[in-house]
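As a plain string of letters, each chain reads:
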Amino acid sequence: MKVSIDRDTCTGHGLCYLTAPRVFSDDDEGYGRVLGDGEVSAGDADDALRAAANCPERAVTASG
Amino acid sequence: MTAGTAAGMPLTLNDLPMPEHRDTAWRILHDHGRLIELDNGFAATRLDIVEAVMKNPEVFSSKEAFDSLGSPVPLVPIAFDPPEQTRYRRILQPFFSPRAIRPLEPELRRQVIELIEPIAERGECDFIADLSGKFPIQVFLTLFGLPLDMRDQFIVWKDAILEMSDASSAGVPEASEDGMRKAGELFMYLSDLVRHRRGAAGEDILSQLLRAEGDDELTDNEAVGLCFLFILAGLDTVMDALGFGMERLAGDPACRQEIVDNPAIIPAAIEELVRLDPPAPFVPRVTTREVVVDGQVLPKGTRVTSLLAVANRDGDERTDPYGISFTRGDNPHVSFGIGVHRCLGSHLARLEMRIVYEEWHRRIPVYRIADGSTPRVKWPRGTVGLQSLHLVIGQ
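The model shown is predicted, which means the values in this text are computed figures rather than measured ones.

Enquirer: Honestly, the overall build of chain B in this entry has me stumped. Any pointers?
Expert: Looking only at helices and strands, chain B has 16 helices and 10 strands in total. Rg of the C-alpha trace for chain B: 21 Å, near the compact-globule value of 21 Å for 395 residues, within the 12% margin. Over its C-alpha atoms, taken along the principal directions, chain B stretches across nearly 55 × 55 × 45 Å. Taken over 395 residues, chain B has a buried fraction of 56%. Taking contacts inside chain B between residues at least 6 apart in sequence as the whole, the part at least 24 apart equals 70%. Carbon and sulfur atoms make up 53% of the accessible area of chain B, which amounts to about 16,300 Å² in all. Where the 42 positive side-chain charges of chain B centre and where its 59 negative ones centre are 3 Å apart.

Now the structure itself:
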């Protein structure tokens, strides 16, 4: 699975890194960012999907 | 259904049973239609329309939408649109990020414990007057490097301003004279504060903001407007969210027990409680041009209100939307708003709520609403919250 964040749509709710802290992190301003290259291990896939579903701005994509 | 709530007829917010039956009030609005006529404008009750409105500030402007808040200075940045709003946002956002506020946690936790311990000893409280009405003001004072003994003075000032804005939006100007005087006092206090903090070396948020240079430099008026906004947006909202949350927990022993048994569930509980009871559930915008929304033509200058509590109960988006569950895996809600005006203080609000729920349930696992008392929502007003919440500790 691969995840990405649309930086133009993210407004910094922070729910992705609260929901899936092994997949996402926060930057100094509170915007979400993808950890590593965005490749998600099978063990973190559920959290990644939940993070995408919980994003109020629909800025998080998790697919594959 | 009465004639006033028949589908298609304009609704009046003040007629809704908000004080004691807010879930019913939200359901009436939901069942009335997707985009409904409400008071002197329209209101969106479904998530897709709320998203379309709140993510398009060019057409749905904030600029004229906040006239009734009664501030003597422009409310930076909620009463602005991009690009001005973008500038304020860029200046402010770093101070309210999770990283920036995390260091405050130990001090805020200490303050919460100090407020809860006497309640635990006494065995009863008015949660609003004794805890949720006090703590957010202390947080503001802490952030701004002001002495905590200013708390009760700030409560008087803040209440006066909010009452004034309610009175002016209800068209009762004479009721707001006392409020005007107190708003003037607060304005003077904040203006003096801004003057003293400019050029000062303090580590409080205001001193840091006033040190910004170049494009980010704030005028005195902008800085005072920001202080007003922090007071109007950051104090009663947390008080109200906590009051509603504790009311639901007091009435739902099973949910409360989940928190007591497993404090790790508190962040999810906060999202669910805030989904059900956003304290600022009416987000106003005014159209800048004619626009078609959900098949209806709205002329320029139309007020369009996003009803966040109703959008959060959109049955297309989740199952059992009026029920309470801390184990919804997916629980997207718009209680902190969406789009460019997403609540700047959401991370701070979540931190405040988490500390209160953690420290309260650690000390007071069993409590109920006092016999003979019925929590009532202050109504009508722009933000909603309980007037009081009398709790008795123990069975």
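Enquirer: I would appreciate a short explanation of the side chain of Ser-62 of chain B in the present structure.
Expert: Along the chain, Ser-62 of chain B turns up in the loop between strand E3 (60-61) and helix H3 (84-92). Each residue touching Ser-62 of chain B, except ones within four places of it in the same chain, is listed here: Ile-78, Ala-79, Phe-80, Asp-81, Arg-285 and His-341 of chain B.

Enquirer: When you look at the interface of chain B and chain A in this model, what are you seeing that I'm missing?
Expert: Put simply, an interface is often sized by how much accessible area is lost when its parts join up. At the interface, 25 residues of chain B touch 21 residues of chain A. Taking both sides of the interface into account, the surface hidden between chain B and chain A amounts to around 1,700 Å²; carbon and sulfur atoms contribute 42%. Looking only at chain B, the three residues that lose the most surface to chain A are Gln-93, Arg-99 and Arg-342 of chain B, adding up to 27% of its buried area. Joining chain B to chain A, the criterion identifies four salt bridges.

Enquirer: What is the right way to look at the packing of helix H5 (residues 105-122) of chain B against helix H7 (residues 135-143) of chain B in this model?
Expert: Two measures define how a pair of helices packs: the angle their axes make with one another and the distance between the axes. Residue and element names in this part refer to chain B. For the pair H5 and H7, interaxial distance at closest approach is 11 Å and the crossing angle is 145°. Both H5 and H7 take part in a crossing whose hand is right-handed. Taking contact as the criterion, the partners of Glu-107, Leu-108, Gln-111, Val-112 and Leu-115 in H5 are, on H7, Phe-135, Gln-138, Val-139 and Thr-142. Residues of the contact of H5 with H7, tallied by class, amount to five nonpolar, three polar and one charged.

Enquirer: Looking at this structure, how should I read the nonpolar core?
Expert: A general feature of soluble globular proteins is that nonpolar side chains tend to end up buried together. The biggest cluster of nonpolar side chains holds 100 residues, and the ones touching the most others in it are Leu-29, Phe-127, Phe-154, Met-353 and Trp-360 of chain B. When neighbours within four sequence positions are excluded, Phe-127 of chain B is seen to be in contact with Ser-132, Gly-133, Leu-242, Gly-243, Met-246, Val-356, Trp-360, Leu-389 and Leu-391 of chain B.

Enquirer: In this structure, what is going on with helix H16 (residues 346-363) of chain B? I would like to understand it.
Expert: Every α-helix carries 3.6 residues per turn, so stepping three or four residues along brings you back to the same face. Here H16 of chain B spans 26 Å end to end across 18 residues, near enough to the 26 Å set by a 1.5 Å rise per residue. The buried fraction of H16 of chain B amounts to 15 of the 18 residues, a majority that puts the element mostly inside the structure.

Enquirer: Looking at this structure, how should I read helix H14 (residues 266-276) of chain B?
Expert: With respect to burial, H14 of chain B is a largely interior element, nine of its 11 residues being buried. Residues of H14 of chain B that are buried: Ile-266, Ala-269, Ile-270, Glu-271, Glu-272, Leu-273, Val-274, Arg-275 and Leu-276 of chain B. Where the residues of H14 of chain B are buried, they touch helix H1 (15-19) of chain A together with helix H1 (22-32), helix H12 (236-250), helix H13 (253-261), helix H15 (308-311) and H16 of chain B.

Enquirer: Explanation requested: the packing of aromatic side chains in the structure shown.
Expert: Aromatic ring pairs are described here by two measures, namely the spacing of the ring centres and the angle between the planes. Residues and elements named next belong to chain B. Enumeration according to the criterion identifies 12 aromatic pairs over all chains in this entry. Considering the side-chain rings of Trp-157 and Tyr-189, the 5.3 Å spacing of their centres and the 45° angle between planes classify their relative orientation as tilted. In this pair, Trp-157 is assigned in helix H8 (residues 151-169) and Tyr-189 in helix H9 (residues 177-197), connecting sequence segments 32 residues apart. Its relative accessible area of 6% is what places Trp-157 among the buried residues. Aromatic pair Trp-360 and Tyr-367: ring centres 5.6 Å apart, planes at 85°, arrangement edge-to-face.

Enquirer: Please clarify how the packing of H5 of chain B against H16 of chain B should be interpreted in this entry.
Expert: Residues and elements named next belong to chain B. Put simply, H5 and H16 touch, their axes get as near as 9 Å, and they point 40° apart. As the angle between them shows, H5 and H16 are arranged oblique. When the axes of H5 and H16 are compared, the crossing they make is right-handed. Contacts between H5 and H16 involve Glu-105, Leu-108, Arg-109, Val-112, Ile-113, Ile-116, Glu-117 and Ile-119 from the former and Leu-351, Arg-354, Ile-355, Val-356, Glu-358, Glu-359, Trp-360, Arg-362 and Arg-363 from the latter. Residues belonging to the contact of H5 with H16 are distributed by class as follows: nine nonpolar, no polar and eight charged.

Enquirer: For this particular structure, what's the right way to read the sheet that holds strand E10 (residues 390-393) of chain B?
Expert: Strand pairing within a sheet occurs via backbone hydrogen bonds; the two strands may be parallel or antiparallel. Residue and element names in this part refer to chain B. Pairing in this open sheet of three strands is antiparallel, and the strands run E4-E10-E9 from one edge to the other. Every interior strand has two partners, whereas the edge strands, strand E4 (124-126) and strand E9 (367-369), have only one. Shown here is a sheet whose adjacent strand axes are inclined to one another by a mean of 25°, direction ignored. Bridge count for E9 against E10 is three bridges, and the pairing is antiparallel.

Enquirer: Got a minute to help me understand the confidence of the model for chain B in this structure?
Expert: Low pLDDT means the predicted atomic positions in that stretch should not be read closely. All names here are of chain B. Averaged over all residues, the pLDDT of chain B equals 91, while 92% of them reach at least 70. Segment residues 1-5: pLDDT under 50, and nine contacts once partners within four positions in sequence are set aside and those in other chains are kept. Overall fold confidence for the complex sits at a pTM of 0.94, while the interface term, ipTM, reaches 0.93.

Calculation rules
- Residues numbered from 1 in each chain as written.
- Chains lettered and ligands numbered in written order.
- Predicted model: local features only at pLDDT ≥ 70, side-chain atom pairs only at ≥ 80, totals over all residues.
- Heavy atoms only, no water.
- Helix = DSSP H or I, 4+ residues; strand = E, 2+ residues; numbered from the N terminus.
- Rg over C-alpha atoms; globule rule 2.2 N^0.38 Å.
- Buried < 20%, exposed > 50% of the residue type's maximum accessible area, 1.4 Å probe, protein only.
- Contact = heavy atoms within 4.5 Å.
- Areas by Shrake-Rupley, 256 points an atom, 1.4 Å probe, with all protein chains shown as cover.
- Lys, Arg positive; Asp, Glu negative; His and termini not counted.
- Charge placed at Lys NZ, Arg CZ, Asp CG, Glu CD.
- Buried area = accessible area lost by both parts, 1.4 Å probe.
- Salt bridge = Lys/Arg side-chain N within 4 Å of Asp/Glu carboxyl O.
- Axes fitted to C-alpha atoms, helices over the stretch in contact; angles between N-to-C directions.
- Left-handed = near helix turned anticlockwise from the far one by under 90°.
- Nonpolar A, V, L, I, M, F, W, Y, C, P; charged D, E, K, R; others polar.
- Core = buried A, V, L, I, M, F, W, Y, C linked by side-chain atoms within 4.5 Å.
- Expected span 1.5 Å × (residues − 1).
- Phe/Tyr/Trp six-rings, centres within 6.5 Å; stacked < 30°, edge-to-face > 60°.
- Parallel < 35°, antiparallel > 145°, perpendicular 65-115°, else oblique.
- Pairing = 2+ DSSP bridges.
- pLDDT = per-residue confidence, 0-100.

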